[in-house]
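Chain residues, written in single-letter form:
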10 protein chains.
Amino acid sequence: MDFLVRIDTSDAYELPLDERNDLIERERVRGRELMAEGVLRHFWRLPGRRANIGIWTAPDADALEEALTSLPIWPYADIEVTALATHPMTRQMAAVRP
Amino acid sequence: MDFLVRIDTSDAYELPLDERNDLIERERVRGRELMAEGVLRHFWRLPGRRANIGIWTAPDADALEEALTSLPIWPYADIEVTALATHPMTRQMAAVRP
Amino acid sequence: MDFLVRIDTSDAYELPLDERNDLIERERVRGRELMAEGVLRHFWRLPGRRANIGIWTAPDADALEEALTSLPIWPYADIEVTALATHPMTRQMAAVRP
Amino acid sequence: MDFLVRIDTSDAYELPLDERNDLIERERVRGRELMAEGVLRHFWRLPGRRANIGIWTAPDADALEEALTSLPIWPYADIEVTALATHPMTRQMAAVRP
Amino acid sequence: MDFLVRIDTSDAYELPLDERNDLIERERVRGRELMAEGVLRHFWRLPGRRANIGIWTAPDADALEEALTSLPIWPYADIEVTALATHPMTRQMAAVRP
Amino acid sequence: MDFLVRIDTSDAYELPLDERNDLIERERVRGRELMAEGVLRHFWRLPGRRANIGIWTAPDADALEEALTSLPIWPYADIEVTALATHPMTRQMAAVRP
Amino acid sequence: MDFLVRIDTSDAYELPLDERNDLIERERVRGRELMAEGVLRHFWRLPGRRANIGIWTAPDADALEEALTSLPIWPYADIEVTALATHPMTRQMAAVRP
Amino acid sequence: MDFLVRIDTSDAYELPLDERNDLIERERVRGRELMAEGVLRHFWRLPGRRANIGIWTAPDADALEEALTSLPIWPYADIEVTALATHPMTRQMAAVRP
Amino acid sequence: MDFLVRIDTSDAYELPLDERNDLIERERVRGRELMAEGVLRHFWRLPGRRANIGIWTAPDADALEEALTSLPIWPYADIEVTALATHPMTRQMAAVRP
Amino acid sequence: MDFLVRIDTSDAYELPLDERNDLIERERVRGRELMAEGVLRHFWRLPGRRANIGIWTAPDADALEEALTSLPIWPYADIEVTALATHPMTRQMAAVRP
């Protein structure tokens, strides 16, 4: 199932610069892994904000929780999760495609 | 997985009395079915309000959506869903029980 | 550019049943067109709610406004739009893919 | 009676690491005791958040207050309590069960 | 235990005048009964608003729910309930009084 | 006249322990005086929160302000005041009592 | 004592035109009386809104409630009251004036 | 001085179609006049919403109130006004321009 | 024109005591000047809060901004400004007074 | 396309004075560049607040994000972005102008 996930990382900007840079580097590595695994499907910057919004895919909330707490930035992040249900029209479109 | 679901049924109180009574009766029948199926696990009245709050169990958000839209009161209800993840302590307790 | 768009259609449920059914049918037709044109890229039901959330793609806000007001449900819909910026990591991933 | 209790522990993450680890360990011990006593009945993680939501059972608000302030994390926790009333349908189901 | 209860009766002002007057009269009768029973302990008008705020006493949330839904105005009222715990200082004061 | 007063003392929990204990002791002394003077009439803990809610009686807002700023905890407290008006039914009940 | 009072009269705009005009005329008469009595001291339009904000003076909340419910527009008005305390600097200025 | 003005016209969409069309036509005429007078300086649609946001210029709040209440749509509009002050940098830029 | 201005000075209470006392003294001096100049017309304490609410008079928002930023407490203050328009009834009353 | 951008710079006021002055100076230089490039079109102070509100013009959200993150104050700023669509009346006016 899919989740809409908003991650605000403002608090990480209060870390000392070298600690923050190290955190960002580790965050990128983990982010790429989650993208490669198909968990982190799409994500965007919210313009002007120290936050991103993304579509995450996981079998259930436990798997999503595991993915989110694996982020190095998790202890500093404010995360909001919204469960998403498949829209009937999306299902119909998928059904008729070859 | 579990979901915390808050259902506000205030709008149903604007229906004519016989229509409302019929709706409540059909709602009870469907509610009992969902309880028997283990989908609607626990639920409570919010004292003084025309609303209830409950713990629902479904494989994913699609199955929950199907259950919620099957409620006769759905067209009149304001429903808020929060996805829940298993707490590590609950998992440990379950593991040590015979 | 991409936009996160939340469309609440609760007010349409106050229409007489045949008017509502006609509206839903026309909405589906227009929705399929927008999906085919690549404007409406992904969308989901918010479980339990008479609302959907989607990712829309349009050159700018004028083109998005044109797409949204072309929806038959527009006069009854409560629509919230959030502009999205490309995330640097998405850009990097796209760059290294063949 | 039952209570819905939301406990946000974000502030505890600002403690030095050893102090935090000690706190978490003591919190687990007290949590297990409250579960064994039947006060803390069910609880879940809110995915992505440093918070949990649970169903607590206590004779009244005084007994709940005593249980909540006995948590080692209490001085750092932001706690929201909602009183719950038995739903008539739950009562009926219990009555017909053997 | 005690509860802080805020009752907003604005919706009742949309009833036809004679229906509203009849409702107010029945509400007063029920209110006096609840005061005599010691359930409705203190209550006040919120100046300028069609609302009151009161201290209610009931063994638990079920008994409070029963009292609140017995109000003739209940179907038109927006009611907010806050559970209250005894303050340690109030307990001490009571203990030393003859 | 009466006032509903909500006092959140969370910020006092950031003081060093001995400073906080001293503050609490002085707060209790002043609280008892205000209770003896009939200014602080009733008050309760909000279960789980570092806050109390009370009914205060003072001739007007100036006298209430004087009482509230006399609290040792005032510089650390977040205080919300709601003016209350006598409810007509309370007045009638008082009139018929011997 | 003084009160800050915000009166939103939007609902009155849903009345039939002649009923509304009659209401406005009676409201003006009552408003002038309250100004003459020194109860309604200053008031302003909130630009663009069907609302006004004013400084009202009354011995206590009971007297204010009496004045506000005497407004012909009261059944249609949404009224918010904030109790105000004399500022020490205002008191000093008044003391030194001849 | 300048004002940021947000005008939500959703309520006008509940009028009968011919009444609404007539209102929109009159609104356009008045809007063009206010643009010609330099009162309505810039304005935009909020994409997807039945609302616009604009920069209005008027000597003071009285003149703005006069302009806003002259809009045919005023009785149906929800209007929010924010007073704006000249930014020091804007003033400097203007000073150095020929 | 008049403005409703709410000034919350809570942050100033986090200054060292002598710095805070010095600030308060300078604030009083500046406050008296603004009162003498007719800019700060009326102001009140919000009972229990470290905040005041006042009626300020200035030709426009630029002049108000200049007055507010001249307050020594400005860097620590949270200030909310609402533009006020003359009420037609106030104008009429003024017109008929000798 | 145009964006309404609100920038709150309160956090920068917690920097040491010389660091803050340096930041403000660099901010002014960058601000002038963005004005010269036609990106930052209009902006105003919100009276009394450490915040400004402006109209920014950029091809899309990516270009806006690039402009906003180029601001020296960005790491300390709280920025809210609203996408704006051309209003049909503005388009008509532009069309008829020579």
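Quick caveat: nothing in here was measured; it's all calculated off a predicted structure.

Cut-offs used in this document
Residues numbered from 1 in each chain as written. Chains lettered and ligands numbered in written order. Predicted model: local features only at pLDDT ≥ 70, side-chain atom pairs only at ≥ 80, totals over all residues. Heavy atoms only, no water. Helix = DSSP H or I, 4+ residues; strand = E, 2+ residues; numbered from the N terminus. Buried < 20%, exposed > 50% of the residue type's maximum accessible area, 1.4 Å probe, protein only. Contact = heavy atoms within 4.5 Å. Areas by Shrake-Rupley, 256 points an atom, 1.4 Å probe, with all protein chains shown as cover. Least-squares fit on C-alpha atoms with pLDDT ≥ 70 in both. Buried area = accessible area lost by both parts, 1.4 Å probe. Salt bridge = Lys/Arg side-chain N within 4 Å of Asp/Glu carboxyl O. Polar contact = N/O pair within 3.5 Å; in protein donor to acceptor, adjacent residues only side chain to side chain. Pairing = 2+ DSSP bridges. Axes fitted to C-alpha atoms, helices over the stretch in contact; angles between N-to-C directions. Nonpolar A, V, L, I, M, F, W, Y, C, P; charged D, E, K, R; others polar. Phe/Tyr/Trp six-rings, centres within 6.5 Å; stacked < 30°, edge-to-face > 60°. Lys NZ or Arg CZ within 6 Å of the ring centre and 35° of its normal. UniProt positions renumbered as here; feature names shortened; annotations may be inferred. Patch = residues over 30% accessible without salt bridge, like charges linked within 9 Å, V, L, I, M, F, W, Y side chains within 5 Å. Lys, Arg positive; Asp, Glu negative; His and termini not counted. Charge placed at Lys NZ, Arg CZ, Asp CG, Glu CD. Arc of directions from axis to C-beta.

Engineer: Account for the overall build of chain A, naming residues and giving values.
Structural biologist: Each helix and strand in chain A was counted, giving three helices and four strands. Secondary structure of chain A in N-to-C order comes out as β-α-β-β-α-β-α. C-alpha extents for chain A along the principal axes are approximately 55 × 25 × 25 Å. Scored against the burial criterion, the 98 residues of chain A give a buried share of 50%. Expressed as a percentage of contacts within chain A between residues at least 6 apart in sequence, the contacts between residues at least 24 apart total 68%. With an accessible surface of roughly 4600 Å², chain A has 50% of that area assigned to carbon and sulfur atoms.

Engineer: How would you sum up the relation of the copies chain I and chain J? Please name residues and give values.
Structural biologist: Taken as rigid bodies, chain I and chain J are interconverted by a rotation of 72° and an axial shift of 0.0 Å, the fit giving an RMSD of 0.0 Å. Such values leave the two copies arranged in the relation of a five-fold axis.

Engineer: Report on the interface of chain I and chain J, specifying residues and quantitative values.
Structural biologist: You'll often see interface size given as the accessible area lost when the parts meet. Listed per partner, the contact involves 12 residues of chain I and seven residues of chain J. Interface area, chain I with chain J, both sides summed: about 800 Å², of which 45% is carbon and sulfur. On the surface where chain I and chain J come into contact, there are two salt bridges. Ionic pairing is found between D78 of chain I and R49 of chain J, a salt bridge with its closest N-O pair at 3.1 Å. The interface formed by chain I and chain J holds eight residue pairs in polar contact (both at pLDDT 80 or more) in total. Mapped onto the side of chain I that touches chain J, the elements with two or more residues apiece are α2 (61–69) and β4 (78–86) of chain I.

Engineer: Could you give me a rundown of the sheet that holds strand β1 (residues 2–8) of chain B, with the residues and numbers involved?
Structural biologist: Within a sheet, adjacent strands bond to each other through the backbone by hydrogen bonds, running parallel or antiparallel. With respect to topology, eight strands assemble into a closed barrel ordered β1(B)-β3(B)-β2(B)-β4(D)-β1(D)-β3(D)-β2(D)-β4(B), the strand pairing being antiparallel. In this sheet, neighbouring strand axes are inclined to one another by 35° on average, regardless of whether the strands run parallel or antiparallel. For strand β1 (residues 2–8) of chain D and strand β4 (residues 78–86) of chain D, the ladder comprises seven bridges, and the chain directions are antiparallel. The residue bridging D8 of chain D from the neighbouring strand is D78 of chain D, located in β4 of chain D. Running at roughly 30° to β1 of chain D, helix α2 (residues 61–69) of chain D makes contact with β1, β3 (51–57) and β4 of chain D of the sheet.

Engineer: Break down the environment of S70 of chain B for me, with residues and values.
Structural biologist: Residues and elements named next belong to chain B. Counting through the fold element by element, S70 comes out in the loop between α2 (61–69) and β4 (78–86). For S70, a relative accessible area of 26% translates into the label partly exposed. With 39 residues separating them along the chain, S70 and G31 place their C-alpha atoms 9.7 Å apart. With residues near it in sequence (within four places) discarded, S70 still touches R30 and L34. Separated by 2.6 Å, the side chain of S70 and the backbone oxygen of A67 make a polar contact.

Engineer: Please give an account of the sheet that holds strand β1 (residues 2–8) of chain H that cites residues and values.
Structural biologist: Taken in spatial order, the eight strands close into a barrel running β1(H)-β3(H)-β2(H)-β4(J)-β1(J)-β3(J)-β2(J)-β4(H), and their pairing is antiparallel. The mean inter-strand angle of the sheet, taken between neighbouring strand axes irrespective of direction, is 35°. With two bridges joining them, strand β2 (residues 40–45) of chain H and strand β4 (residues 78–86) of chain J adopt antiparallel strand pairing. Along β4 of chain J, the bridge assignment pairs W44 of chain H with T86 of chain J. Along the sheet, helix α2 (residues 61–69) of chain C makes contact with β2 of chain H together with β4 of chain J, crossing β4 of chain J at roughly 65°.

Engineer: So what's going on with the interface of chain A and chain C? Which residues, and what values?
Structural biologist: Contact residues are listed per partner, giving 26 residues for chain A and 26 residues for chain C. For the pairing of chain A and chain C, the buried interface totals around 2500 Å² over both sides, and the portion due to carbon and sulfur atoms is 73%. Taken as a group, W44, R45 and M89 of chain A account for 25% of the area that chain A buries against chain C, more than any other trio of residues on that side. Our enumeration of links across chain A and chain C arrives at zero salt bridges. Counting every contact that joins chain A to chain C gives six residue pairs in polar contact (both at pLDDT 80 or more). Of all the elements in the fold, those that place two or more residues in the side of chain A that touches chain C are β1 (2–8), α1 (17–36), β2 (40–45), β3 (51–57), β4 (78–86) and α3 (88–96) of chain A. Counted by class, the side of chain A that touches chain C contains 14 nonpolar, eight polar and four charged residues.

Engineer: Before we move on, can you summarise the packing of aromatic side chains with the specific residues and values?
Structural biologist: Across all of its chains, the model carries 10 aromatic pairs over all chains by this definition. Judged by centre distance (5.6 Å) and plane angle (85°), the rings of W74 of chain A and Y13 of chain D are edge-to-face. Here Y13 of chain D lies in the loop between β1 and α1 (17–36) and W74 of chain A lies in the loop between α2 (61–69) and β4, a pairing that spans two chains. Between the NZ or CZ atom of R50 of chain G and the centre of the ring of W74 of chain H, over which it lies, the distance is 5.8 Å. Residue placement shows R50 of chain J over the ring face of Y13 of chain J; its charged tip is 5.5 Å from the ring centre.

Engineer: Can you explain the arrangement of the chains? Please cite residues and give values.
Structural biologist: Separating chain D from chain I is a minimum C-alpha gap of 19 Å, and the two share no contact. Over all C-alpha pairs, chain G and chain J never come within contact, reaching a minimum spacing of 17 Å.

Engineer: Give me the lowdown on the UniProt feature "domain: Muconolactone isomerase" (unreviewed entry) in chain A, citing residues and values where you can.
Structural biologist: UniProt tags residues 1–88 of chain A as "domain: Muconolactone isomerase" (unreviewed entry). As annotated, residues 1–88 of chain A has a helix share of 34% and a strand share of 33%, and its two end C-alpha atoms lie 14 Å apart.

Engineer: Go over the pattern of salt bridges with me, naming the residues and quoting the values.
Structural biologist: Under the defined criterion, the tally for this structure stands at 60 salt bridges over all chains. The residue E37 of chain G makes a salt bridge to R30 of chain G at a minimum N-O spacing of 4.0 Å. A relative accessible area of 18% places R30 of chain G in the buried class. Here R45 of chain J ties to E65 of chain I by a salt bridge, and the two come within 3.0 Å at their closest N and O atoms. Of this pair, R45 of chain J sits in strand β2 (residues 40–45) while E65 of chain I sits in helix α2, each in a different chain. Classification of E65 of chain I by relative accessible area gives buried; the value is 7%. Through salt bridges with shared partners, a single network forms among R30, E33 and E37 of chain A.

Engineer: So what's going on with the environment of L34 of chain A? Which residues, and what values?
Structural biologist: Residue and element names in this part refer to chain A. If you trace the backbone, L34 turns up in helix α1. Accessibility expressed as a relative area gives 1% for L34, which makes it buried. Spatially, the C-alpha atoms of L34 and D18 are 24 Å apart, while their sequence positions differ by 16 residues.

Engineer: Give me the lowdown on the relation of the copies chain A and chain C, citing residues and values where you can.
Structural biologist: Once chain A is rotated about the relating axis by 180° and shifted along it by 0.0 Å, it coincides with chain C to within an RMSD of 0.0 Å. The superposition operator between the copies reduces to a two-fold rotation axis. Same-surface contact between copies: 100% of interface residues of chain A are shared with the interface of chain C.

Engineer: Could you give me a rundown of the side chain of N52 of chain E, with the residues and numbers involved?
Structural biologist: Relative to the assigned elements, N52 of chain E resides in strand β3 (residues 51–57). When sequence neighbours within four positions are dropped, the list of residues in contact with N52 of chain E reads V5, R6, I7, F43, W44, R45 and L46 of chain E together with H87 of chain F.

Engineer: Give a detailed account of a negative patch on the surface, specifying residues and quantitative values.
Structural biologist: Taken together, the side chains of D11 and E14 of chain A, D11 and E14 of chain D, D11 and E14 of chain F, D11 and E14 of chain I together with D11 and E14 of chain J define an acidic patch exposed on the protein surface. Residue placement: D11 of chain F occurs in the loop between β1 (2–8) and α1 (17–36).

Engineer: Pulling in residues and values, what's your account of the pairing of strand β1 (residues 2–8) of chain E?
Structural biologist: Strand residues, when the strand is regular, have side chains that alternate between the two faces of the sheet. Residue and element names in this part refer to chain E. Burial of β1 is extensive: six of the seven residues sit out of reach of the surface. One ladder, built from seven bridges, connects β1 with β3; its direction is antiparallel. Residue pairing across strands places D8 opposite A51, the latter belonging to β3.

Engineer: How would you explain the environment of R6 of chain A if you had to name every residue and give the values?
Structural biologist: Residue and element names in this part refer to chain A. When you line up the elements, R6 lands in strand β1. For the pair R6 and I55, spaced 49 residues apart in sequence, the C-alpha separation works out to 9.0 Å. Excluding residues within four positions of it along the chain, R6 makes contact with L46, R49, A51, N52, I53, D78, I79 and E80.

Engineer: How would you explain helix α2 (residues 61–69) of chain F if you had to name every residue and give the values?
Structural biologist: For α2 of chain F, the complete set of buried residues consists of A61, L64, E65, A67 and L68 of chain F. Down the axis, α2 of chain F shows its buried residues gathered within 165° of arc, on one side only. Elements in contact with the buried residues of α2 of chain F: β1, α1, β3 (51–57) and β4 (78–86) of chain F, β4 (78–86) of chain G together with β2 (40–45) of chain I.

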